[in-house]
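Structural description and commentary
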Amino acid sequence: MDVLNEWAFIGVFAVMAPVFPALPIVIAWLFRPRKPNVLKSSTYECGVETIGDTWVQFRVQYYIYGLIFLVFDVEMVFLFPWAVAYNEMSLFGFVAGFLFIFLLTDALFYAWQKNALEWK
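Reading the values: the criteria
Residues numbered from 1 in each chain as written. Predicted model: local features only at pLDDT ≥ 70, side-chain atom pairs only at ≥ 80, totals over all residues. Heavy atoms only, no water. Helix = DSSP H or I, 4+ residues; strand = E, 2+ residues; numbered from the N terminus. Buried < 20%, exposed > 50% of the residue type's maximum accessible area, 1.4 Å probe, protein only. Contact = heavy atoms within 4.5 Å. Phe/Tyr/Trp six-rings, centres within 6.5 Å; stacked < 30°, edge-to-face > 60°. Axes fitted to C-alpha atoms, helices over the stretch in contact; angles between N-to-C directions. Parallel < 35°, antiparallel > 145°, perpendicular 65-115°, else oblique. Left-handed = near helix turned anticlockwise from the far one by under 90°. Expected span 1.5 Å × (residues − 1). pLDDT = per-residue confidence, 0-100. Patch = residues over 30% accessible without salt bridge, like charges linked within 9 Å, V, L, I, M, F, W, Y side chains within 5 Å. Areas by Shrake-Rupley, 256 points an atom, 1.4 Å probe, with all protein chains shown as cover. Salt bridge = Lys/Arg side-chain N within 4 Å of Asp/Glu carboxyl O.

With respect to the overall build of the chain
When its secondary structure is counted, the chain shows five helices and zero strands. In sequence order, the chain lays out its α and β elements as α-α-α-α-α. Here the chain holds 120 residues, and the buried ones make up 8% of them. Within the chain, contacts between residues separated by at least 24 positions form 57% of all contacts whose residues are at least 6 apart in sequence.

This is the structure in structure tokens:
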């Protein structure tokens, strides 16, 4: 019975976790002001009225640069605590950190090999 009590907290958390972000969204949707207007539906960008077709297709290259930046930005977030605790960590932590760096370096070389980093 003790095992069930230990897992009950996780079960309650799993049930309640979707409720906390969904509840304010549902409440805001129910009590929002409903006053549709032509001016509210118009496209607005930088204070300038749009002329003609405003749909612009972006190249996939921009997204690849963004994803590569995000990967290495998140890498720094994970590596900072590893670097701070470098003197106190065990061999397992040391090897895990270097494996992490190796995998990200391998991904960088793969992107470089596929010419994903060249601006065309």
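That shown, we press on.
With respect to the packing of aromatic side chains
A complete count under the given rule lists six aromatic pairs for this structure. Aromatic pair Trp 82 and Phe 98: ring centres 5.5 Å apart, planes at 85°, arrangement edge-to-face. Taken together, the residues Trp 82 in helix 4 (residues 60-84) and Phe 98 in helix 5 (residues 91-113) connect sequence positions 16 residues apart. Residue Trp 82 is classed as buried on the basis of its relative accessible area, which comes to 18%.

Things to note about the packing of helix 4 against helix 5
Close contact between helix 4 and helix 5 brings their axes to 11 Å; oriented N to C, the two are set at 165°. One finds that helix 4 runs roughly antiparallel with respect to helix 5. The handedness of the crossing between helix 4 and helix 5 comes out as left-handed. Across the interface between the two elements, Ile 68, Val 71, Phe 72, Glu 75, Phe 78, Leu 79 and Trp 82 from helix 4 touch Gly 93, Phe 94, Gly 97, Phe 98, Phe 100, Ile 101, Leu 104, Leu 108 and Ala 111 from helix 5.

Describing helix 5
Under the 1.5 Å per step criterion, the end-to-end length of helix 5 is 32 Å for 23 residues, consistent within 8% with the ideal 33 Å. Turning to helix 5, its buried residues are Gly 93, Gly 97, Leu 104 and Ala 111. Positive backbone phi, at 60°, marks Asn 115, one or two positions downstream of helix 5.

Considering the confidence of the model for the chain
Averaged over all residues, the pLDDT of the chain is 83; the fraction at 70 or higher stands at 89%. By mean pLDDT, helix 3 (residues 38-41) is the weakest element of the chain at 75, and helix 2 (residues 19-30) is the strongest at 94.

Here we look at the environment of Phe 100
Within the fold, Phe 100 resides in helix 5. Considered as a pair, Phe 100 and Glu 75 are 25 residues apart in the sequence and their alpha carbons are 8.6 Å apart.

Quick notes on a nonpolar patch on the surface
On the surface, Val 12, Val 15, Met 16, Val 19, Phe 20, Leu 23, Val 26, Ile 27, Trp 29, Leu 30 and Phe 31 cluster together into a nonpolar patch covering about 1100 Å² of accessible area. Breaking the nonpolar patch down by element, the ones donating at least two residues are helix 1 (2-16) and helix 2. The element contributing the most residues to the nonpolar patch is helix 2, with seven residues. Counting through the fold element by element, Leu 30 comes out in helix 2.

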